[in-house]
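Spelled out from the first residue to the last, the chains are:
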Amino acid sequence: MLIDSNKIASHNDDLLQSHQNKLIFTASEIAETENIIKKLIDFQIAIPSWALGTGGTRFGRFPGGGEPRSLEEKMEDVGLLHALNNSSGAISLHIPWDIPSDYNAIKALAAQHNLKFDAVNSNTFQNQANQEHSYKFGSLQNVNKAIRKQAVDHNIEVIKQGIELGSESLTVWLADGSCFPGQLNFRKAYQNTLESLEEIYAALPANWKLFLEYKCAEPNFYSTTVADWGQSYSYVKKLGDKALTLVDLGHHLPNANIEQIVSLLLMEEKLGGFHFNDSKYGDDDLTAGALKPYQLFLIFNELVEGMDARGMNHAKDLGWMIDASHNVKDPMEDLLQSVEAIMIAYAQALSVDRKALEIAQEENDVVRAQEILQNAYRTDVRALVAEARLRSGAALNPVALYRNLNVRKGLITERGLNTIATGL
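Residues numbered from 1 in each chain as written. Predicted model: local features only at pLDDT ≥ 70, side-chain atom pairs only at ≥ 80, totals over all residues. Heavy atoms only, no water.

As recorded by an unreviewed UniProt entry, the chain carries the name Sugar isomerase and is attributed to Flavobacterium cellulosilyticum.

Pasting the structure below:
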C-alpha cells in the first residue's frame, strides 16, 4: 500500500494557515529556529521490524488485522510511516524472524520506499526451529562450550546477513543470567560471555559496530549477565573501539538516572545508541514519551550537550531506534506517536540556552539552571517538528492523515483480518 503524495499535499493545504500561525509564534519564542528545523529534517529514527505487529503480553495477544505477514510487508509498513513523517527512513531487522530470501529484491524494495537497513539484531534468547542445543540456561555465558559456539555462530551469521543488506552494526541482547542463588558462578559466566563476544567482535567488518544492550532483570530473576550500563561498559571497553553500549530506556531499575548514564557513556566514547520506549514498572515497551516526557527531554539535553562537546553529527554518529510495541494500539499509530515524541524532545533540547545554562552551572545558580531547562521543556516546539515534515514532503499531522486515509482498513483489505505478524 502506497500513500499518494497528492493526498499528503491536500492534507497539508487544509492545515497550512493554522500551522503557519503557530510557527510564527514559536519562532518568536525560540532562537535559531532555522537551525533546529534543519537538524530535525536530518534526524532519522529506525523502526524495528518486530514492532509492526501487535506486541502482546505474557497473558495474551490481540491482533488488530492487516498485520504484515512477511519481511516485504513489514518494509511496506515502514515505508508508509516514512511517507507520513519523513523521519523513519530505516528498518532494523531481527534475525531469524526476518531473513531475506532474495537480497537484491529486498534492497530494491527498500530503495522504492527510501529506506536503509539499520542495525541487525541477533536472537539467542529463544530456541529456534531445528536448533541443536537449547538456550534454557543461557547462550554466550553457557557452561556448555557447544552451546556457546552455537550462539557465537548465530551472531556471525547475522553479521553476514547484515553485510548483504548494507547494514553496518550488530545489536546483541542477552537473556543470559540465573533465576536462583547458587545456580551460576558469576565470574565464570562473565568470562564465558566475554570470550564469546570476542569471537563475534573478531568477525565484524572494519566499518561495523557492535552494540551491547543491558537489562537489569527478566527473563531471569536473580541475576542477568549484562545487567546494567557498567557491566556493558566493562565488556565493550575490553572488546575494542568498535564495541559500544546500547541504552534501552526500559532496561533500568525504577528511578534510574538515565540521563547521567548517557552523559558518562558519551564522555567515555562508549555510547552506541538507543532503543526508545517508555515504562511505568519495568520493560513495558510503551510509546516513547507516553509516561515520562520530561525524562526523555532530559536525556536529549545531555545528548545534545555531549555530542556538541565532541563535535559529533547528531543524525549519524549514534544509533537511533524505537523498541516499542503494545497490545491495545494500532502498531502503526503507536510508532507514529513514538517518533513524534522523540522529535519533540530533540527539538526541545536543541532550544536550550546552552551559554546561559553553563553560566548558571558555573555560578551554582540552581534556580536559574532549573528555570532554563524547564522553560525549554515547557515551550511548545510542535510547530518546528511539523515544519520539518512539511519541508520534507511529509504530513503536518501524520496520525490524523493515517486515520483520514483509513490506512488500517486498507491493510486489512489487502492482507486479511486474521493475519499475525511474523516474529514475536
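*Asks:* Break down the overall build of the chain for me, with residues and values.
*Replies:* From N to C terminus, the chain includes 15 helices and 11 strands. Here the chain has a C-alpha radius of gyration of 22 Å; the compact-globule value for 424 residues is 22 Å, and the two agree. Taken along its principal axes, the extent of the C-alpha atoms in the chain is 65 × 60 × 40 Å. A buried classification covers 54% of the 424 residues belonging to the chain. For the chain, contacts bridging at least 24 residues in sequence account for 79% of all contacts bridging at least 6. Across the chain, the mean location of the 39 positive side-chain charges is 3 Å away from that of the 54 negative side-chain charges. (Helix = DSSP H or I, 4+ residues; strand = E, 2+ residues; numbered from the N terminus. Rg over C-alpha atoms; globule rule 2.2 N^0.38 Å. Buried < 20%, exposed > 50% of the residue type's maximum accessible area, 1.4 Å probe, protein only. Contact = heavy atoms within 4.5 Å. Lys, Arg positive; Asp, Glu negative; His and termini not counted. Charge placed at Lys NZ, Arg CZ, Asp CG, Glu CD.)

*Asks:* Just give me the short version of the packing of aromatic side chains, but keep the residues and values in it.
*Replies:* Any aromatic ring pair is given by two values, namely how distant the centres are and how the planes are angled relative to each other. All chains considered together, the criterion is met by 16 aromatic pairs. Pairing Phe297 with Tyr377 gives two aromatic rings, centres 5.6 Å apart and planes at 40°, and the pair type is tilted. Of the two residues, Phe297 sits in helix α9 (residues 293–310) while Tyr377 sits in helix α12 (residues 366–378), which places them 80 residues apart along the sequence. An aromatic cluster is built from Phe43, Phe274, Phe276, Phe300, Trp320 and Tyr346, whose rings are joined through pairwise contacts. We note Lys242 situated over the ring of Tyr201; from NZ or CZ to the ring centre the distance is 5.4 Å. (Phe/Tyr/Trp six-rings, centres within 6.5 Å; stacked < 30°, edge-to-face > 60°. Lys NZ or Arg CZ within 6 Å of the ring centre and 35° of its normal.)

*Asks:* I'd love a proper account of the nonpolar core, names of residues and values included.
*Replies:* The nonpolar side chains of a soluble globular protein tend to be buried, and buried together. The biggest cluster of nonpolar side chains holds 98 residues, and the ones touching the most others in it are Phe274, Phe300 and Leu303. The leading source of residues in this core is helix α10 (residues 331–350), at 13 residues. Other than its neighbours up to four places away in sequence, Phe274 contacts Leu246, Val247, Leu249, Val262, Ile299, Leu303, Gly319, Trp320 and Met321. Counting 10 residues, the second largest nonpolar core, distinct from the first, contains Phe297, Leu357, Ala360 and Ala369. (Core = buried A, V, L, I, M, F, W, Y, C linked by side-chain atoms within 4.5 Å.)

*Asks:* Any details on the pattern of salt bridges? Residues and values, ideally.
*Replies:* All chains considered together, the criterion is met by 16 salt bridges. Residue Arg415 pairs with Asp77 through a salt bridge whose shortest N-O separation is 2.8 Å. Residue Arg415 is located in helix α15 (residues 407–415), and its partner Asp77 is located in helix α3 (residues 71–85); the two are separated by 338 residues in the primary sequence. Like Arg415, the residue Asp77 is buried in the burial classification. Its salt-bridge partner being Arg389, residue Glu340 comes within 2.6 Å of it at the nearest N-O pair. With a gap of 49 residues between them, Glu340 in helix α10 and Arg389 in helix α13 (residues 382–391) connect regions that are remote in the sequence. Arg389 matches Glu340 in its accessibility class, with the two residues each being buried. (Salt bridge = Lys/Arg side-chain N within 4 Å of Asp/Glu carboxyl O.)

*Asks:* How would you summarise the sheet that holds strand β9 (residues 243–248) if you had to cite specific residues and measurements?
*Replies:* Within a sheet, adjacent strands bond to each other through the backbone by hydrogen bonds, running parallel or antiparallel. Here six strands make up an open sheet; going across it, the order is β4-β5-β7-β9-β10-β11 and the pairing parallel. Of all the strands in the sheet, just β4 (120–121) and β11 (319–322) have a single pairing partner and so form its edges. Against the sheet, helix α6 (residues 186–202) engages β5 (169–172), β7 (209–213) and β9, with an angle of about 150° to β7. On the sheet, helix α8 (residues 258–267) packs against β9 and β10 (271–276) and is oriented at approximately 150° with respect to β10. (Pairing = 2+ DSSP bridges. Axes fitted to C-alpha atoms, helices over the stretch in contact; angles between N-to-C directions.)

*Asks:* Go over the sheet that holds strand β2 (residues 90–92), please, and point to the residues and values.
*Replies:* Reading across the sheet, the three strands line up as β1-β2-β3 and stay open at both edges, with parallel pairing between neighbours. Of all strands in the sheet, those bounded by a partner on one side alone are β1 (47–48) and β3 (116–117). In terms of strand pairing, β1 meets β2 through two bridges, oriented parallel. If you follow Pro48 over to β2, its bridge partner there is Ser92. Each of β1, β2 and β3 is contacted by α3, which is oriented at about 140° to β2, the strand it contacts most.

*Asks:* Could you give me a rundown of the UniProt feature "domain: Xylose isomerase-like TIM barrel" (unreviewed entry) in the chain, with the residues and numbers involved?
*Replies:* In the numbering adopted here, UniProt assigns the feature "domain: Xylose isomerase-like TIM barrel" (unreviewed entry) to residues 101–285. Counting secondary structure, residues 101–285 comes out at 37% helix and 16% strand; the distance between its end C-alpha atoms is 29 Å. (UniProt positions renumbered as here; feature names shortened; annotations may be inferred.)

*Asks:* Go over helix α11 (residues 354–362) with me, naming the residues and quoting the values.
*Replies:* Residue pairs three or four apart in sequence face the same way in an α-helix, which turns once every 3.6 residues. Along α11, the positions that sit buried rather than exposed are Ala356, Leu357 and Ala360. Buried residues in α11, looked at end-on, bunch into an arc of 100°, giving them a common side. In α11, the exposed positions that point more than 90 degrees away from the buried face belong to Lys355 and Glu362. The inward-facing, buried residues of α11 contact α12. In the segment just after α11, Asn364 is the residue with positive phi, at about 55°. (Arc of directions from axis to C-beta.)

*Asks:* Give me the state of the cysteines: which residues, what numbers.
*Replies:* A complete count under the given rule lists zero disulfides for this structure. Note on Cys216: no disulfide assigned, nearest cysteine sulfur contributed by Cys179 at a separation of 14 Å. Look at Cys216 and you get partly exposed, because its relative accessible area is 26%. (Disulfide = S-S within 2.5 Å.)

*Asks:* Quick rundown of the side chain of Thr171? Include the residues and the values.
*Replies:* Here Thr171 lies in strand β5. Take Thr171: its relative accessible area is 2%, and that puts it in the buried class. Contact partners of Thr171, with chain neighbours within four places excluded, come to Ala119, Val120, Asn121, Ser122, Phe211, Glu213, Leu246 and His275.

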